[in-house]
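Single-letter residue listing:
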Amino acid sequence: MALRTAAAASVPPSSDALLGLFPSGTTTAPDGGLRIGGCHVTELAARHGTPALLVDEGALRDRAGRYADGLAARRPDSMVAFASKAFPCTAVYRLLAEEGLGVDVASGGELALALAAGTDPAKVVVHGNAKTVSYLRAAVEAGAGLIVIDNFDDIDRLEHLMAEAPGAGRREQAVLVRVTPDIRPDTHAAVATGQRGSKFGMLLPEAREAIARLRACSRLRLDGLHVHIGSQILDTEPFVRAVAAVAELGRFPVYDLGGGLGARYTYDDRPPAIEAYLDALTAAADALLPAGARVIIEPGRSLVAEAGVSLYRVVTVKRSGGETFVAVDGGMGDNLEVPLYGQRFEATVATRVRVPGGGAPGERCRVVGRHCESGDVLSAGVFLPDPRPGDLIAVPATGAYTYSLANNYNAARRPPVVFCRDGRSRPVVRRETYADLMRRDLP
């Protein structure tokens, strides 16, 4: 399993190794405090409070550019569509639209957010294994560029919608068939999607049947194929095999090769660089797919994870049973990836990153949250220098899925999202209020 377990113990890191997990361009101030996007963590905490999800805007734009420019240089007729389930935040949609990216949506809510942020509807790829009629209607009415056929019911519903649409005789909707290539990458079972038994897509015999049926449809235009095999994949070889699998189904004008490249969460993680991933993927496309075919990719986690940092305040330090528990003012309400997937995150005292005199990096600690669950652990086995109440704790690589999975367990208020760039910060999502928790209540 590629995901590092939450219980795995880290080794005492050097300051440089620690900074390597934070957004590119992260530095330390002379007082030993972290600067995210040029903003000192103490100033960020004072202005925006804790917990807070910080996003280095420059680092995110840089990764978007590496994807978009890198793919265009290797395969000119191409598109990068952000897998927005990783961070469905209006400000993130808007930023990536400014960088020229399209969007992959998997719900009516994600579609609404993307359109509200100014995403070009023609660059929207519509996903979902259980698309409702209202979701499909919204996609068609918005002019979504591509709808991915996950099952035969999608075809039935889309045919009916297109037949009843105003001016239906003059309209058609471009679609792709999602192929399940029976490939099981080395990742957590919950985020593996390309194997036999997956709820997503169609195995090759079913895909052939869907292709034949779509070719007979008058208002659904079959543009090509889609394949996605999972998330947090730390090896390029499964992606190459997925390209070979869809190549068996024939020649098409469009191939959406999905996403799934892993992010670096821990000192031990070694995901391929964006450029190495693009090299492997486009080399396979050049060898196996038609020369003039359009290639689409859908990065999510690998695009946004490393641009995000979660900032907490230490509430309690308790030494008991041979362990040091560092309890912070957040937890599984704002980072559900640890209890849900067993994903490991590292952590540091954000104001004492560089150890004076190069001495010991501190004691082994278990960073825990404030929720009423024993499984509410943010990071176990991390080395923190002299942790004490009031300290700021920074957890890197939290830009993917923490916002998506944030919840109100124990009636916790979800944290703000703060963009940082060039020494300036701006909230793009405010912290929830207690009034927000009651907003949907009825008398």
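As the structure is a prediction and not an experimental result, all values here were calculated from the model.

Asker: A description of the overall build of the chain should follow, citing residues and the corresponding values.
Answerer: The number of helices and strands found in the chain is 14 helices and 20 strands. In terms of principal-axis extent, the alpha carbons of the chain reach across some 70 × 60 × 40 Å. Looking at the chain alone, contacts between residues at least 24 apart form 72% of all its contacts between residues at least 6 apart. Roughly 17600 Å² of accessible area belongs to the chain as shown, and the carbon and sulfur atoms make up 51% of that amount. Taking the 50 positively charged and 51 negatively charged side chains of the chain as two groups, their mean positions are separated by 3 Å.

Asker: If you had to explain the pairing of strand β4 (residues 52-56) to someone new, which residues and values would you point to?
Answerer: In terms of residue burial, β4 counts as a mostly covered element, since five of its five residues are buried. A two-sided burial pattern is seen for β4, the buried positions comprising A52, L54 and D56 on one face and L53 and V55 on the other. Here β4 runs beside strand β13 (residues 308-320); their pairing, made up of four bridges, is antiparallel. What sits directly across from L53, in β13, is S310. Relative to strand β19 (residues 417-421), β4 runs parallel, the two being bridged by four bridges. Each residue of the ladder has a partner; that of L53, found in β19, is V417.

Asker: Go over the sheet that holds strand β1 (residues 27-28), please, and point to the residues and values.
Answerer: If you trace the three strands from one edge of the open sheet to the other, you get β1-β2-β3, paired in antiparallel fashion. In the strand order of this sheet, the two ends are held by β1 and β3 (39-40), each with one partner. As judged from the two bridges shared by strand β2 (residues 34-36) and β3, these two strands associate in the antiparallel manner. Bridge assignment links I36 to a residue of β3, and that residue is C39.

Asker: So, the state of the cysteines: which residues are in play, and what are the values?
Answerer: One pass over the structure, following the stated rule, counts zero disulfides. We note that C39 lacks a disulfide partner, and the nearest cysteine sulfur, in C420, lies 4.4 Å from it. Looking at C39, the relative accessible area reads 4%, which means it is buried. Here C89 is not cross-linked by a disulfide; its sulfur's nearest cysteine counterpart is in C420, at 13 Å. What makes C89 buried here is its relative accessible area of 0%.

Asker: Can you break down the packing of aromatic side chains residue by residue, with the values?
Answerer: Each aromatic ring pair is summarised here by two numbers: the centre-to-centre distance and the angle between the ring planes. Using the criterion set out here, one finds six aromatic pairs in the structure. Their ring planes at 80° and their centres at 6.4 Å tell us that Y67 and Y277 sit as a pair that is edge-to-face. With Y67 in helix α3 (residues 57-74) and Y277 in helix α10 (residues 274-288), the pair connects residues that are 210 residues apart, well separated along the chain. Plain terms: the ring middles of F252 and Y255 are 6.2 Å apart, the flat faces sit at 80° to each other, and that makes the pair edge-to-face. Here the two residues F252 and Y255 agree in accessibility, since each one is buried. It is K318 that lies over the ring of F325; its NZ or CZ is 6.0 Å from the centre. It is R413 that lies over the ring of Y434; its NZ or CZ is 4.5 Å from the centre.

Asker: Report on the sheet that holds strand β6 (residues 102-105), specifying residues and quantitative values.
Answerer: Strand order in the closed barrel formed by eight strands is β5-β6-β7-β8-β9-β10-β11-β12, with parallel pairing between adjacent strands. The mean angle between the axes of side-by-side strands here comes to 30°, regardless of whether they run parallel or antiparallel. Examined bridge by bridge, strand β7 (residues 124-126) and strand β8 (residues 146-149) share two bridges and lie parallel to one another. Bridging from a neighbouring strand, V126 pairs with I147 of β8. The strands touched by helix α6 (residues 133-142) are β6, β7, β8 and β9 (173-179); relative to β8, the strand with the most contacts, the crossing angle is about 150°.

Asker: Explain helix α8 (residues 204-215) to me, using residue names and the numbers behind them.
Answerer: With twelve residues, α8 extends 16 Å between its outermost C-alpha atoms, agreeing within 8% with the 16 Å of an ideal straight helix rising 1.5 Å per residue. Considering only its buried residues, α8 is in contact with β8, α7 (152-164), β9, β10 (220-227) and α9 (237-247).

Asker: Residues and numbers for helix α2 (residues 41-48), please.
Answerer: Turn by turn, an α-helix covers 3.6 residues, leaving residues three or four places apart pointing in a common direction. Three or more residues of α2 are buried, namely V41, L44, A45 and H48. Taken end-on, α2 shows its buried residues confined to a sector of 95°, consistent with a single buried face. The exposed residues of α2 that point more than 90 degrees off its buried face are E43, A46 and R47. Where α2 ends, the next residue or the one after it, G49, has phi of about 80°, a positive value.

Asker: Can you tell me about the packing of helix α5 (residues 108-116) against α6, naming the residues and giving the values?
Answerer: Viewed as axis vectors pointing N to C, α5 and α6 meet at an angle of 25°, and their least axial separation amounts to 9 Å. It follows from the interaxial angle that α5 and α6 lie roughly parallel. The two elements α5 and α6 meet at a crossing, and its hand is left-handed. Seen from α5, the contacting residues are G108, L111 and L115; seen from α6, they are Y135, A138, A139 and A142. Its residues placed into classes, the contact of α5 with α6 shows six nonpolar, one polar and no charged.

Asker: Run through the pairing of strand β17 (residues 377-384), naming residues and quoting values.
Answerer: In regular strands, side chains alternate between the two faces of the sheet. With respect to burial, β17 is a largely interior element, eight of its eight residues being buried. Pairing geometry for strand β16 (residues 363-368) and β17, over six bridges, is antiparallel. Bridge pairing in β17 links V367 to S379.

Asker: I'd love a proper account of the environment of H127, names of residues and values included.
Answerer: Checked against the element boundaries, H127 lands in the loop between β7 and α6. Residue class for H127 comes out buried when judged on its relative accessible area of 5%. For the pair H127 and S218, spaced 91 residues apart in sequence, the C-alpha to C-alpha distance is 22 Å. Here H127 is in contact with D104, V105, A106, Y135, V148, R178, H226 and E298, once residues within four sequence places are set aside. At 2.9 Å, the side chain of H127 forms a polar contact with the side chain of E298.

Analysis parameters
Residues numbered from 1 in each chain as written. Predicted model: local features only at pLDDT ≥ 70, side-chain atom pairs only at ≥ 80, totals over all residues. Heavy atoms only, no water. Helix = DSSP H or I, 4+ residues; strand = E, 2+ residues; numbered from the N terminus. Contact = heavy atoms within 4.5 Å. Areas by Shrake-Rupley, 256 points an atom, 1.4 Å probe, with all protein chains shown as cover. Lys, Arg positive; Asp, Glu negative; His and termini not counted. Charge placed at Lys NZ, Arg CZ, Asp CG, Glu CD. Buried < 20%, exposed > 50% of the residue type's maximum accessible area, 1.4 Å probe, protein only. Pairing = 2+ DSSP bridges. Disulfide = S-S within 2.5 Å. Phe/Tyr/Trp six-rings, centres within 6.5 Å; stacked < 30°, edge-to-face > 60°. Lys NZ or Arg CZ within 6 Å of the ring centre and 35° of its normal. Axes fitted to C-alpha atoms, helices over the stretch in contact; angles between N-to-C directions. Expected span 1.5 Å × (residues − 1). Arc of directions from axis to C-beta. Parallel < 35°, antiparallel > 145°, perpendicular 65-115°, else oblique. Left-handed = near helix turned anticlockwise from the far one by under 90°. Nonpolar A, V, L, I, M, F, W, Y, C, P; charged D, E, K, R; others polar. Polar contact = N/O pair within 3.5 Å; in protein donor to acceptor, adjacent residues only side chain to side chain.

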